[in-house]
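Chains, contacts and geometry: an overview
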Amino acid sequence: MKRLVAGAAALAAAGLGVARWAASRGRVPSAAKDPLESSRWLGITINRPPDEVAPGGHLPEPLGRMDAEVRMNRAPGDRGTELYARPRAQRAGADAVLARLRGGEDPRTEIRTALRETKSLLETGDVLRSDEEMETTRPTLPGKVLDMALGRAAEGGRL
C-alpha cells in the first residue's frame, strides 16, 4: 500500500513538473505566426433566418455596440444565417503583432465575445453565462484551474 501511495505521489509530482515546464515555455500567439490574422473574418452560424437576425437591418445589441464590419449570408442547406465580423480599425503587420504581445489586447477578443453573445441571445433569448460564484469550502488546485478557465472562456477558442 505504501508503494502505491509513493508511486502515485511521484507520478503526480512528475505531472506537475511537466505542466510547469510546458507553461514556462510560453506559447506564441497566433497573430505572431500569421500577421494577417487580425484582418480575417470571425464567423458563426445562427439557427435563425436572416430577417430574424437583423430585423430592419439593425444588428442585435452585442454586435450593434461594436465598431466592427459585419456581413451576413444564408447558411448552406437552409440551416440558418452565417454572421461574420472583424474589427474596423486595425494595425497592420508587425505593429499589430507587437502591440498584442506587449499589451495582450486583441480587438478580435471583443468581437469573438460579441458574436457568442449574439448567437446565444438570438437562439435562446438570453446570454448564457457560466456560474460565476462557485463556492467551495476551501480553495483547491482544480478549483483555481476551473476559475481561470471560466474567466477566459469567452476570449478565445472556436466559435
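Above this text is the structure in question.
Analysis parameters
Residues numbered from 1 in each chain as written. Predicted model: local features only at pLDDT ≥ 70, side-chain atom pairs only at ≥ 80, totals over all residues. Heavy atoms only, no water. Patch = residues over 30% accessible without salt bridge, like charges linked within 9 Å, V, L, I, M, F, W, Y side chains within 5 Å. Areas by Shrake-Rupley, 256 points an atom, 1.4 Å probe, with all protein chains shown as cover. Salt bridge = Lys/Arg side-chain N within 4 Å of Asp/Glu carboxyl O. Buried < 20%, exposed > 50% of the residue type's maximum accessible area, 1.4 Å probe, protein only. Phe/Tyr/Trp six-rings, centres within 6.5 Å; stacked < 30°, edge-to-face > 60°. Lys NZ or Arg CZ within 6 Å of the ring centre and 35° of its normal. Core = buried A, V, L, I, M, F, W, Y, C linked by side-chain atoms within 4.5 Å. Helix = DSSP H or I, 4+ residues; strand = E, 2+ residues; numbered from the N terminus.

A cluster of nonpolar side chains, M1, L4 and V5, forms an exposed patch at the surface whose accessible area comes to about 380 Å². In this structure V5 comes out as exposed when scored by relative accessible area, which is 52%.

Our focus in this paragraph is the packing of aromatic side chains. Following the criterion strictly, the structure yields zero aromatic pairs and no others. When the ring centre of W41 is taken as origin, the NZ or CZ atom of R71, which lies over that ring, is 4.7 Å away. For the cation-ring pair, R71 lies above Y84, with the distance from its terminal atom to the ring centre recorded as 4.5 Å.

Another point: the nonpolar core. Core analysis: the largest hydrophobic core is formed by 13 residues, its most contacted members being I46, L63, L83, I111 and L115. Those elements giving two or more residues to this core turn out to be strand 1 (42–46), strand 3 (81–87) and helix 6 (107–124).

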